[in-house]
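Spelled out, the chains give:
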Amino acid sequence: MSVTPKQVADDGGMPILSLEQRIDRMHGRDRLGALTFVAVLWVVVLFVLYTIWPAVTNPTIHAILVIAGGLVLLFNSAAIFAMLKHYIEDKHFIYGLDIKHLDAMRRRNRI
């Protein structure tokens, strides 16, 4: 009978996961956080435009607000999606290094 990494527990009762599983979990949390940020950004910018629209009477200012808000959404969204693409390509390097340092810190704090 073989033992999977989830069946074995460390001294604190937490399951011991393989490096690949830990990398996938960290990447998943970061991806969720980034996508949540983009969604909240869209909601906030659109809410602000909707809220101030009646107070602004100048059509030129309306155009400026729409263009500026659109550019903010476009560039921020594109930057986050580019970051996520980069993280997928280099996730083993990025998260492997983080996990190495986290493990070293935990070992140092146990002593």
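First, a word on what this report is: a plain description of the structure on this page. Worth saying up front: this structure is predicted, and the values here are computed from it rather than measured.

**Brief notes about the pattern of salt bridges**
Inference 1: A complete count under the given rule lists 4 salt bridges for this structure.
Inference 2: Linking Lys91 and Asp24 is a salt bridge whose minimum nitrogen-to-oxygen distance equals 2.8 Å. Of the two residues, Lys91 is situated in helix H2 (residues 59–110) and Asp24 in helix H1 (residues 19–52); the sequence distance between them amounts to 67 residues.
Inference 3: What makes Lys91 buried here is its relative accessible area of 17%.
Inference 4: In this structure Asp24 comes out as partly exposed when scored by relative accessible area, which is 36%.
Inference 5: Lys85 is the partner of Glu89 in a salt bridge, and the nearest nitrogen-oxygen pair spans 3.2 Å. Here the residue Glu89 and the residue Lys85 both occupy positions in helix H2, the gap between them amounting to 4 residues, near one helical turn.

**Brief notes about H1**
Inference 1: Between the first and last C-alpha of H1 there are 49 Å, a value that for 34 residues agrees with the 50 Å anticipated at 1.5 Å per step.
Inference 2: Ile23, Met26, His27, Ala34, Val38, Leu41, Val45 and Leu49 are the residues of H1 that are buried.
Inference 3: Turning to H1, the residues buried within the fold contact H2.

**Section: the packing of H1 against H2**
Inference 1: The N-to-C vectors of H1 and H2 enclose an angle of 160°; their axes lie 9 Å apart at closest approach. Judged by the inter-axis angle, H1 sits roughly antiparallel to H2. The interaxial crossing formed by H1 with H2 has right-handed handedness.
Inference 2: Partitioned by chemical class, the residues of the contact of H1 with H2 number 24 nonpolar, 6 polar and 9 charged.

About the thresholds
For every chain, the first residue of the written sequence is number 1, and numbering continues from 1 onward in sequence order. It should be noted that, the model being predicted, local features are given only for residues of pLDDT at least 70 and side-chain atom pairs only at 80 or more, the latter also being counted only at that level, while totals for whole chains, interfaces and linings use all residues. Note that the side-chain values use all heavy atoms of the structure and ignore hydrogens as well as water. Between Lys or Arg on one side and Asp or Glu on the other, a salt bridge is scored when a side-chain nitrogen of the former is within 4 Å of a carboxyl oxygen of the latter. Each helix is a run of DSSP H or I of at least 4 residues and each strand a run of E of at least 2, with the numbering of both proceeding from the N terminus. Here's how the labels work: a residue is buried when its accessible area is under 20% of the maximum for its type, exposed when over 50%, partly exposed in between, all with a 1.4 Å probe on protein chains only. Given the number of residues in a helix, its expected span is that number minus one, multiplied by 1.5 Å. Residue contacts follow a heavy-atom distance rule, with two residues in contact if any of their heavy atoms lie within 4.5 Å. Whenever a helix is involved, its axis is fitted only over the stretch in contact; in every case the axis is a line through C-alpha atoms, and angles between N-to-C directions fall within 0 to 180 degrees. To sort the angles, those under 35 degrees are grouped as roughly parallel, those over 145 as roughly antiparallel, those from 65 to 115 as roughly perpendicular, and the leftovers as oblique. By convention, the crossing between two helices is left-handed when the near helix turns anticlockwise from the far helix through less than a right angle, and right-handed when the turn is clockwise. Gly counts as polar in this scheme, as do all residues outside two lists: the nonpolar Ala, Val, Leu, Ile, Met, Phe, Trp, Tyr, Cys and Pro, and the charged Asp, Glu, Lys and Arg.

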